[in-house]
Amino acid sequence: MATTSEQPTADRKAELTESLTEIRARVEAAGSISSTPTLVAVSKYKPASDILACHELGQLDFGENYVQELEDKARIIP
């Protein structure tokens, strides 16, 4: 998998925005007054550009299976 800091295309960013908005709504609906669930985005097999785009949309928690992948991707996230 290539880990690049290139920006996603406008279409890809729109797709990510739509997906993230839908998932956030579902997570919020599943929560309760006494607890607030945390959405952890699984970044396994996703390019760094997707992760950066999601980060720019306010997603701050990501899960990665491999340390090397985490280290590579962490370099591009502010």
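Quick caveat: nothing in here was measured; it's all calculated off a predicted structure.

The next thing to look at is the pattern of salt bridges. The full count for this structure, using the stated rule, is seven salt bridges. The residue E22 makes a salt bridge to R26 at a minimum N-O spacing of 3.9 Å. Separated by four residues within a single helix, E22 and R26 lie in helix 1 (residues 10–30), roughly one turn from each other. Here E22 falls in the partly exposed class, since its relative accessible area comes to 44%. By relative accessible area, which is 57% here, R26 ends up exposed. A salt bridge links D72 to R75, with the nearest nitrogen and oxygen atoms 2.9 Å apart. One salt-bridge network, in which partners are shared between bridges, spans R12, E15 and D50.

Thresholds, definitions, all that
- Residues numbered from 1 in each chain as written.
- Predicted model: local features only at pLDDT ≥ 70, side-chain atom pairs only at ≥ 80, totals over all residues.
- Heavy atoms only, no water.
- Salt bridge = Lys/Arg side-chain N within 4 Å of Asp/Glu carboxyl O.
- Helix = DSSP H or I, 4+ residues; strand = E, 2+ residues; numbered from the N terminus.
- Buried < 20%, exposed > 50% of the residue type's maximum accessible area, 1.4 Å probe, protein only.

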